[in-house]
Amino acid sequence: MSEEAMENAEPFSIKVRVYFEDTDAGGVVYNANYVKFIERARTEWLRHRGYEQRGMLDSGLGFVVSSLEIGFKRPARLDDELTVTCEVESLMSASVTFRQTVLNQKGELLVTAKARIACVDMKAMKPCLFPDNLKKVFAPDAV
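Below you will find a few notes about this structure. (Residues numbered from 1 in each chain as written. Predicted model: local features only at pLDDT ≥ 70, side-chain atom pairs only at ≥ 80, totals over all residues. Heavy atoms only, no water.)

## Describing the pairing of strand β5 (residues 109-121)
For a regular strand, side-chain orientation follows a simple rule: the groups alternate between the two sheet faces. Sheet analysis places strand β2 (residues 61-72) next to β5, joined by 11 bridges and oriented antiparallel. The residue bridging V65 from the neighbouring strand is I117, located in β5. Sheet analysis places strand β4 (residues 95-103) next to β5, joined by 9 bridges and oriented antiparallel. Following the sheet pairing, V102 is matched in β5 by V111. The antiparallel pairing of β4 with β5 creates a hairpin that spans 5 residues between the two strands, and G107 there sits at a positive phi of about 85°. Adjacent in sequence and paired antiparallel, β5 and strand β6 (residues 126-127) are bridged by 4 residues, among which M125 carries a positive phi angle near 55°. (Pairing = 2+ DSSP bridges. Helix = DSSP H or I, 4+ residues; strand = E, 2+ residues; numbered from the N terminus.)

Written as structure tokens, this is what we have:
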């Protein structure tokens, strides 16, 4: 995929409904729940690209969040239908950085996030290189 095509491509997205359990007493989404929403989007992004995390765990590898940056722009509220996006910003030999957003049903930007995810050896709990088959999953033209 060309660089221009990548810039014009829509990021992967999922829909998330805001339930009462996601909100505080005022009916506004509690800030920590956005972390759950963006985690779900990354998991579904992998699944969409044909990769199940269970297979990775069975092989002794896992993902850990090594850094997470979140910007809160506007609140989501009870019963909102959110669109949570996910796209690769950069890929290194042992980590990948995702750029993510959360939008409400009106298309208003609520949250921006950048998550750096490291590949780890689950027994040693130390970073390790992505296997070649997993690197291909993160490539922009892997779909």
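## Side note on unusual backbone geometry
Non-glycine residue D79 carries a positive phi angle of around 75°. Relative to the assigned elements, D79 resides in the loop between β2 and β3 (81-91). A positive phi is found at M125, a non-glycine position, where the angle reads about 55°. Inspection of the secondary structure puts M125 in the loop between β5 and β6.

## Details of the environment of R54
Examined against the element boundaries, R54 turns out to sit in helix α3 (residues 53-58). Residue classification places R54 among the exposed positions, given a relative accessible area of 60%. C-alpha separation for the pair R54 and N31, spaced 23 residues apart in sequence, amounts to 28 Å. (Buried < 20%, exposed > 50% of the residue type's maximum accessible area, 1.4 Å probe, protein only.)

## Some words on the layout of surface pockets
For the second largest pocket, the calculated volume is near 160 Å³. What lines the second largest pocket is simply E39, R42, T43, L46, Q53, F63, V64, V65, V96, F98, I117 and F138. When residues of the lining of the second largest pocket are traced back to their parent elements, those giving at least two are α2 (32-48), β2 and β4. Top contributing element to the lining of the second largest pocket by residue count: α2, with 4 residues. Grouping the amino acids of the lining of the second largest pocket by side-chain chemistry returns 8 nonpolar, 2 polar and 2 charged. (1 Å grid on protein atoms, 1.4 Å probe; cavity = no way out; pocket = protein on both sides within 12 Å on 5 of 7 lines; lining within 4 Å. Points joined across faces, edges and corners; volume = space filled by probe spheres on them. Nonpolar A, V, L, I, M, F, W, Y, C, P; charged D, E, K, R; others polar.)

## Here's the deal with the side chain of T97
Considering the arrangement of structural elements, one finds T97 in strand β4. Ignoring any residue separated from it by four or fewer positions in sequence, one finds T97 in contact with E87, V88, E89, S90, K114, A115 and R116. (Contact = heavy atoms within 4.5 Å.)

## Points about the packing of aromatic side chains
Each aromatic ring pair is characterised by the separation of its centres together with the angle its planes make. Following the criterion strictly, the structure yields 8 aromatic pairs and no others. Aromatic side chains W45 and F138 sit 5.7 Å apart centroid to centroid with 15° between the ring planes, which places their arrangement in the stacked category. Of this pair, W45 sits in helix α2 while F138 sits in helix α4 (residues 132-138), and the two are 93 residues apart along the sequence. For W45, a relative accessible area of 4% gives the class buried. (Phe/Tyr/Trp six-rings, centres within 6.5 Å; stacked < 30°, edge-to-face > 60°.)

Coordinates in, geometry out; function isn't part of it.
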